[in-house]
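So the chains spell out like this:
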Amino acid sequence: MSLKITLEFSDTDLNYFKRLTDEALKSSQGQSPDQIINNAKKLLGEMSEAVGSDYIRGRIGQLRVLIEMLEDDGWGMKEVGRGRVLAALAYFINPEDIIPDDVPVLGYLDDAIMIELMTRELKPEIEAYEDFVAYRASEAKRRGLDPSELGRADFLEAKETALLARMRRRRRAGGSLFR
């Protein structure tokens, strides 16, 4: 038997979570982005072993994607996005967040909610990254390259080429006067 619980966050609630991430990022100012990422990876490993909740485990998977985005040199995540993801990670690695992590069963629930909020906010970036990863894997295989040899510029060039080809096909199909 499963149970579905729906939470509705008001703007005030969301602003509260944003304030918490800002505070977490400020409190982690002494750490480099690499330290924040490494601490998040360490906590992910601990959580993977300790968490029994499918909901929380699912959010852990989303957090892994955010970390991959930060670490993927080929993707080259921009500073604004990096800052938002690092803020979420800083909150995540803070053991004294809304629900302390050592509280049995519920300790990671607030972390899971924060991950959910952050991945919803970053959905366009995450989808673009996933498209890039799929492109890189298939294009590297097609060309016989190591995937690390392909980056964002290659991906964007391929997208531009595809868009221009589609535009030309539509123009021909529409019987354009100008060729």
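As a reminder, the structure under discussion sits directly above these lines.
Described below are features of the structure shown in this document. (Residues numbered from 1 in each chain as written. Predicted model: local features only at pLDDT ≥ 70, side-chain atom pairs only at ≥ 80, totals over all residues. Heavy atoms only, no water.)

Turning next to the overall build of the protein chain. Helix and strand content of the protein chain: 7 helices and 0 strands. Across the protein chain, helices and strands are ordered from the amino to the carboxyl terminus as α-α-α-α-α-α-α. What you see for the protein chain is a C-alpha radius of gyration of 20 Å, clearly larger than the 16 Å of a compact globule of 179 residues, by over 25%. By principal-axis analysis of the C-alpha atoms, the protein chain measures approximately 70 × 35 × 35 Å. Of the contacts formed within the protein chain by residues at least 6 apart in sequence, a portion of 62% connects residues at least 24 apart. Across the protein chain, the 27 positively charged side chains and the 32 negatively charged ones have centroids separated by 12 Å. (Helix = DSSP H or I, 4+ residues; strand = E, 2+ residues; numbered from the N terminus. Rg over C-alpha atoms; globule rule 2.2 N^0.38 Å. Contact = heavy atoms within 4.5 Å. Lys, Arg positive; Asp, Glu negative; His and termini not counted. Charge placed at Lys NZ, Arg CZ, Asp CG, Glu CD.)

Our focus in this paragraph is the nonpolar core. Within the largest apolar cluster, 33 residues are counted, with the highest numbers of intra-cluster contacts made by Met-47, Leu-63, Leu-66, Met-69, Leu-89 and Phe-92. Of all the secondary structure elements, the ones that give two or more residues to this core are helix 2 (33-50), helix 3 (54-71), helix 4 (79-93), helix 5 (109-121) and helix 6 (123-143). At 8 residues, the largest contribution of residues to this core is made by helix 3. Sequence-distant contacts of Phe-92, that is, excluding residues within four places in its chain, are made with Ala-40, Leu-43, Leu-44, Met-47, Leu-63, Asp-101, Asp-111 and Ile-115. Of all hydrophobic cores here, the second largest spans 7 residues; its members include Phe-17, Ala-24, Ala-90 and Tyr-91. (Core = buried A, V, L, I, M, F, W, Y, C linked by side-chain atoms within 4.5 Å. Buried < 20%, exposed > 50% of the residue type's maximum accessible area, 1.4 Å probe, protein only.)

On to the packing of helix 3 against helix 4. Viewed as axis vectors pointing N to C, helix 3 and helix 4 meet at an angle of 135°, and their least axial separation amounts to 10 Å. Put simply, helix 3 runs oblique to helix 4. When the axes of helix 3 and helix 4 are compared, the crossing they make is left-handed. Facing helix 3, whose interface residues are Leu-63, Leu-66, Ile-67 and Leu-70, helix 4 presents Arg-82, Val-85, Leu-86, Leu-89 and Phe-92. (Axes fitted to C-alpha atoms, helices over the stretch in contact; angles between N-to-C directions. Parallel < 35°, antiparallel > 145°, perpendicular 65-115°, else oblique. Left-handed = near helix turned anticlockwise from the far one by under 90°.)

Okay, helix 5 next. Counted at 1.5 Å a residue, the expected span for helix 5 with its 13 residues is 18 Å, and the 19 Å between its end C-alpha atoms agrees. Here helix 5 has its buried residues at Asp-110, Asp-111, Ala-112, Ile-113, Met-114, Ile-115, Glu-116, Met-118 and Thr-119. Elements that come into contact with the buried residues of helix 5 comprise helix 1 (11-27), helix 3, helix 4 and helix 6. (Expected span 1.5 Å × (residues − 1).)

Okay, the packing of aromatic side chains next. With the rule as written, the count across this model stands at 7 aromatic pairs. Aromatic side chains Trp-75 and Phe-132 sit 5.3 Å apart centroid to centroid with 40° between the ring planes, which places their arrangement in the tilted category. On the criterion of sequence distance, the pair formed by Trp-75 in the loop between helix 3 and helix 4 and Phe-132 in helix 6 is long-range, its members being 57 residues apart. Among the residues examined, Trp-75 registers a relative accessible area of 6% and is labelled buried. Seen from their ring centres, Tyr-129 and Phe-132 are 6.3 Å apart, and the 40° between their planes marks the pair as tilted. Of this pair, Tyr-129 and Phe-132 both sit in helix 6, 3 residues apart, roughly one helical turn. In this pair, the class of Tyr-129 matches that of Phe-132, namely buried. (Phe/Tyr/Trp six-rings, centres within 6.5 Å; stacked < 30°, edge-to-face > 60°.)

This part covers a positive patch on the surface. A cluster of basic side chains, namely Arg-166, Arg-168, Arg-169, Arg-170, Arg-171 and Arg-172, defines a positive patch on the protein surface. Mapped onto the elements, Arg-169 comes out in helix 7 (residues 152-173). Judged by relative accessible area, which is 47%, Arg-169 ranks as partly exposed. (Patch = residues over 30% accessible without salt bridge, like charges linked within 9 Å, V, L, I, M, F, W, Y side chains within 5 Å. Areas by Shrake-Rupley, 256 points an atom, 1.4 Å probe, with all protein chains shown as cover. Salt bridge = Lys/Arg side-chain N within 4 Å of Asp/Glu carboxyl O.)

At their nearest, the axes of helix 3 and helix 5 sit 9 Å apart, and the two run at 50° to each other. Accordingly, the angle class assigned to the pair helix 3 and helix 5 is oblique. Along this stretch, helix 3 crosses helix 5, giving a crossing that reads as left-handed. Residue-level contacts link Tyr-55, Ile-56, Arg-59, Gln-62, Leu-63 and Leu-66 of helix 3 to Leu-109, Ala-112, Ile-113, Ile-115, Glu-116, Met-118 and Thr-119 of helix 5. Counted by class, the contact of helix 3 with helix 5 contains 9 nonpolar, 2 polar and 2 charged residues. (Nonpolar A, V, L, I, M, F, W, Y, C, P; charged D, E, K, R; others polar.)

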